[in-house]
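Below, each chain spelled out in residue letters.
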Amino acid sequence: MDMADPSVEARFRAAQDALPAHVRVARAAAMFLWARDLIRREIRARQGGLSVEQLKWETAMRLYGADAASRRLIQRMLDHVSG
């Protein structure tokens, strides 16, 4: 199947839209957990032996650091747990 085919994409979207809300939310939550775990593995591979708290805040920085206010708050927590 070619996902560029509008009819295939339309059928896919229709199937997704037909799912109950709780199933769509559960899928989104599972995808978020998968992405967060992938980020954690990448950080561990690059930075090695971080504490659980450092890893948590480094992950948060990758997820939410694009927002300036979030970045400042997360950096404060990183400074706190790293110092």
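## Examining the environment of Glu42
Within the secondary structure layout, Glu42 lies in helix α2 (residues 21-47). Using a relative accessible area of 29% as the deciding quantity, one classes Glu42 as partly exposed.

## Observations concerning the nonpolar core
Within the largest apolar cluster, five residues are counted, these being Trp57, Ala60, Met61, Ile74 and Leu78. Contributing elements (two or more residues each) for this core: α3 (52-64) and α4 (68-82). If you tally residues by element for this core, the top one is α3, at three residues. Not counting residues within four places of it along the chain, the set of residues in contact with Ile74 comprises Trp57, Ala60, Met61 and Tyr64.

Parameters at a glance
- Residues numbered from 1 in each chain as written.
- Predicted model: local features only at pLDDT ≥ 70, side-chain atom pairs only at ≥ 80, totals over all residues.
- Heavy atoms only, no water.
- Helix = DSSP H or I, 4+ residues; strand = E, 2+ residues; numbered from the N terminus.
- Buried < 20%, exposed > 50% of the residue type's maximum accessible area, 1.4 Å probe, protein only.
- Core = buried A, V, L, I, M, F, W, Y, C linked by side-chain atoms within 4.5 Å.
- Contact = heavy atoms within 4.5 Å.

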